[in-house]
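What follows is each chain in one-letter form.
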Amino acid sequence: MDGRLNEPHLGRRHFLKGAGLLAISFSLSGAMPGLGRAAPAAPKLGPYGPAADELDSWIAIDTAGFATLYTGVCELGTGSHTALLQVMAEELDIAFDHAKLQPPDTNRTPDQFVSSGSRSIAYHAVPIRQAAAEARHALVAMAAEKFKVPAEQLVVENGVVSVTGAPGKHVSYGQLIGGRQFDLKVTGAVKPKDPSLHKIVGTPVHRIDIPGKVTGSFTFAQDVKVPGMLHGRVVRPPAHGASVIEIDESSIAHLPGVVKVVRKADLIGVVCHREEEAIEAARQLKVSWSAWADLPDMKDIHQKLREVPIYAPGIPAKYPGGVIAKDGDVESALTGAAKAIKATYESPYHLHGSIGPSCAVADVRPDGVTIWSATQTAYGLREAAAKFLGLANDKVRLIFAEGAGCYGQNGADDVVIDALVLSQAVGKPVRVQWMRADETGWETYKTARVTDVRGGLDADGKIVAWESNAWGFSGYSRPEYHEPKQGGEPGSLVTAQLAGWTTPGLEEGFNGIALESAPYYTVGSKHVVFNYLGPASHRQGPIRMRVGSMRGVGSPDNVFMVESFIDELAAAAGADPVEFRLKHLSDPRTIAVVKAATERAGWQPRPAHSASAENGDIRTGRGIALFGGGKETRIASIFEVEVNRKSGAIRVKKVTVAHDCGLIVNPDGVRNQIEGGVIQGISRGLMEEVTFDRSRVTSLDWASYPIITFPDVPDEIDIVLLNRPDLPAAGVGEASTKNVWAGIANAVFDATGVRLRRLPFTPERFKEALAKQA
């Protein structure tokens, strides 16, 4: 094998089989951070790193018995590195404080694809667990040879192998192999521990990154400094489609510290000795731009989505014609239904809202390139950077440095191209720090969406028909994996265009936008269609807004539709929302989370909006929304809201969440993720909307793009964890945010009788809906 992994073409079942699937390319030479002891020599590097089944690619043990995990998983503030260390320590039978971690570095760590889609534990822990199990097996075999006893007579505790019934006969891992390589393959033949034997996995181990972050000693990407480093800023155009006409370099000739004005196509930048000098030079540099004003009127955006041509190459092969699910004759079922209803759900563009704007350092030299980046895909970005510079992959080294929290594609990858262009122009390392307006005005957005739904009930209140038709952009414009796969929009970001991240041509379309668009309820007939609007449509059509992945990708929009409409069907049937859902569910795990959430919340059965508590203009209500089915996480959430009918303000008072993600590695980490997902979902649902005029995005700061603040956080988020150690771990980072919008909307209906179908649920939107109801 050549060590390459093209994960998008691997089935989930195939991937989860374990070892031997991940590309390796790193060096083990030198001391690792926090270790202080010499590690083994590096394995030989091939064009894509050493063979994927090399045990030494994953784990090294020093003379003191400390084990270092080499992982390609990028830590995004979710605690994934702590959980991965728990997995390694568990299988090795070492104390957790003897487990160390080397973050992603393309010269040292395995290529573990991309740290997104809730993969860190569900996917990326699998080969780590296998490698650790095989390392322990090898160490026990070494001890058996040393003591001349069968391996079955040996026990391991805290990295020490002892002979049963023979006091004094013991040897540490450090004594067995410290400082040397295993020189073994990961075969997949060794069975990892039975979950019933776990001592570290399943416990709330404290996160390894928190002390440094609390004390200020932690090094974020924004803190990286290298010798001889200069500072750069990019000058943004006044419109998404504007091109450079002329640059007046004399406009900044009087400023101190200016090293060079750089132009590459329509990317204009300045390089200075100090950061404040670069900021001022970028502000004062006079650049003439062409006029451009071809964005649609913002109020017409959802209608424009319907008018954009379908992009056939962007449709995944498994969804011919964009048909996600089809069963039975929906039209006939609707005609014969005792009751039929319809609704349209709309959502806006969202931005990621990272508190710290993106930053990167690049050092482009004749003998090679080094990049420091907060990317989510270290090897993919390295390959994109190498391609951009016309270099072989092994001439580019990417070192991961954690950035501001982000789920999905903010500016972390694009700022790398900025830094590469500027560093190449001056021949020295250059740090490029985006400003707030760079991040909010030029990052990659979640696409706006619109979905039409129709449904029918029979005389017994059973769903006999379900039809949905959705429109949204399906591109995924970020550096992907070997080649690299490209399929994003020809967006406004000049850096993305330069890097070649905007060329259509996904071999198999990006289907994340359609996730969970089919109902996981039992229905008589169904027809679910997603109209994929891809790259070509941007060139032909009216919408030049670059879109890509954000937390949950398309799932929050789709679950908003599914869980809102199931609630509307329940209301049409005059049924309690929980009982109606249970009537149409068959999956035991989904049923279990529904029952767990309702029991914890003290849910009393009744039809929605039949017992609203009133206190003048203040109304209270409760709503349920869930997410379940397939092999993924199941979640049921109950939202309790307070609505001021006069002001239109909506306040989420309490959220009760029942959560089943299979095996739980760190319950405290899972709770953190659930709380964060709920809070971010509330922020996006009540407040967030990218605004734009005919030329550009106009929501450039926190005043024009508000996010949730502490006074708006629920008073309580009550979490019930359903641990299932007999099942594989499933994703956590995205699940709890997927059902938030529907849960709020359903609770608002219960409180006021008003259906909210267009996000965000601002006071103005509520009052508009209330007026229409009247």
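In this text, all values refer to a predicted model and were calculated from it rather than measured experimentally.

Participant: I would appreciate a short explanation of the overall build of the protein chain in the present structure.
Facilitator: Within the protein chain, the regular secondary structure consists of 21 helices and 25 strands. Every one of the 774 residues in the protein chain was classed for burial, and the buried ones make up 61%. Of all intrachain contacts in the protein chain linking residues separated by at least 6 positions in sequence, the fraction that spans at least 24 positions is 78%. In the structure as shown, the protein chain presents an accessible area of about 28,400 Å², 51% of it carried by carbon and sulfur atoms.

Participant: Honestly, the nonpolar core in this entry has me stumped. Any pointers?
Facilitator: Soluble, globular proteins show a tendency: their nonpolar side chains are buried together. Ranked by size, the top nonpolar core spans 83 residues in total, and within it Trp466, Ile744 and Phe761 carry the most contacts. Residue contributions to this core peak at nine residues, all from helix H15 (residues 555-572). Mapped onto the domain boundaries, this core takes at least three residues apiece from domain 3 (308-346 + 447-474 + 509-532) and domain 4 (574-773). Residues within four places of isoleucine 744 in sequence aside, it is in contact with Phe639, Ile650, Val652, Ile682, Leu686 and Phe761. With 46 residues, the next largest nonpolar core counts Ile59, Ala89, Val149 and Leu154 among its residues.

Participant: Would you mind showing me how to read the environment of cysteine 406 here?
Facilitator: The residue cysteine 406 is located in the loop between strand S16 (396-400) and helix H11 (414-426) in this model. Classification of cysteine 406 as buried rests on a relative accessible area of 7%. For the pair cysteine 406 and methionine 550, spaced 144 residues apart in the sequence, the C-alpha separation amounts to 8.4 Å. Beyond its immediate chain neighbours, meaning those up to four positions away, cysteine 406 contacts Leu76, His352, Ser354 and Gln376.

Participant: I keep staring at the sheet that holds strand S6 (residues 170-172) and nothing clicks. Help me out?
Facilitator: Two strands in a sheet stick together by hydrogen bonds in their backbones, pointing the same way (parallel) or opposite ways (antiparallel). One open sheet accounts for three strands, arranged S4-S5-S6; its pairing is antiparallel. If you trace the sheet from one side to the other, it starts and ends with strand S4 (154-157) and S6, each paired once. On average, each strand axis in the sheet is inclined to that of its neighbour by 20°, with strand direction left out of account. Where S4 meets strand S5 (residues 160-163), four bridges bridge the pair, whose relative direction is antiparallel. The residue bridging leucine 154 from the neighbouring strand is valine 163, located in S5. Helix H4 (residues 125-147) contacts S4, S5 and S6 of the sheet and is inclined by roughly 130° relative to S4.

Participant: Got a minute to help me understand helix H17 (residues 588-601) in this structure?
Facilitator: Three or four residues apart is the spacing at which side chains of an α-helix point the same way, because the helix has 3.6 residues per turn. Along its 14 residues, H17 runs 20 Å from first to last C-alpha, staying within 8% of the 20 Å computed at 1.5 Å per residue. Of all the residues in H17, the buried ones are Arg589, Thr590, Ile591, Val593, Val594, Ala596, Ala597, Thr598 and Ala601. For H17, the elements touching its buried residues are helix H16 (577-583), strand S22 (618-627), strand S23 (634-644), strand S24 (650-660) and strand S25 (716-721).

Participant: Explanation requested: the side chain of glutamate 277 in the structure shown.
Facilitator: Considering the arrangement of structural elements, one finds glutamate 277 in helix H7 (residues 275-284). For the buried residue glutamate 277, which engages in no salt bridge, the nearest side chain bearing the opposite charge is arginine 274, 4.8 Å off. Side-chain polar atoms of glutamate 277 contact the backbone nitrogen of histidine 273, separated by 3.4 Å.

Participant: I'm lost on the side chain of glutamate 54 in this one. Help?
Facilitator: For glutamate 54, the location among the structural elements is in the loop between helix H1 (12-15) and strand S1 (59-61). Once you skip the residues sitting within four places of it in the chain, glutamate 54 turns out to touch Leu184, Lys185 and Val186.

Participant: Got a minute to help me understand the pairing of strand S3 (residues 99-102) in this structure?
Facilitator: Every regular strand shows the same layout, with side chains that alternate between the two sheet faces. With four bridges joining them, strand S2 (residues 67-70) and S3 adopt parallel strand pairing. Residue pairing across strands places leucine 69 opposite leucine 101, the latter belonging to S3. Traced from S2 through helix H2 (residues 80-92) to S3, the parallel crossover comes out right-handed.

Participant: Looking at this model, I keep getting lost on H15. Mind explaining?
Facilitator: Look at H15: 25 Å from first C-alpha to last across 18 residues, which is about the 26 Å you get at 1.5 Å a residue. Phi for glycine 574, located one or two positions after H15, is positive at around 65°.

Participant: So what exactly am I meant to see when it comes to the sheet that holds S1 here?
Facilitator: One open sheet accounts for three strands, arranged S1-S2-S3; its pairing is mixed. For this open sheet the edge positions go to S1 and S3, each flanked by a neighbour on one side alone. Direction aside, neighbouring strands of the sheet carry axes that sit 25° apart on average.

Procedures and definitions
- Residues numbered from 1 in each chain as written.
- Predicted model: local features only at pLDDT ≥ 70, side-chain atom pairs only at ≥ 80, totals over all residues.
- Heavy atoms only, no water.
- Helix = DSSP H or I, 4+ residues; strand = E, 2+ residues; numbered from the N terminus.
- Buried < 20%, exposed > 50% of the residue type's maximum accessible area, 1.4 Å probe, protein only.
- Contact = heavy atoms within 4.5 Å.
- Areas by Shrake-Rupley, 256 points an atom, 1.4 Å probe, with all protein chains shown as cover.
- Core = buried A, V, L, I, M, F, W, Y, C linked by side-chain atoms within 4.5 Å.
- Domains from an automatic or database assignment.
- Pairing = 2+ DSSP bridges.
- Axes fitted to C-alpha atoms, helices over the stretch in contact; angles between N-to-C directions.
- Expected span 1.5 Å × (residues − 1).
- Lys, Arg positive; Asp, Glu negative; His and termini not counted.
- Salt bridge = Lys/Arg side-chain N within 4 Å of Asp/Glu carboxyl O.
- Polar contact = N/O pair within 3.5 Å; in protein donor to acceptor, adjacent residues only side chain to side chain.
- Right-handed = clockwise from strand over helix to strand, strands pointing away.

Nothing here speaks to function; it is all geometry.
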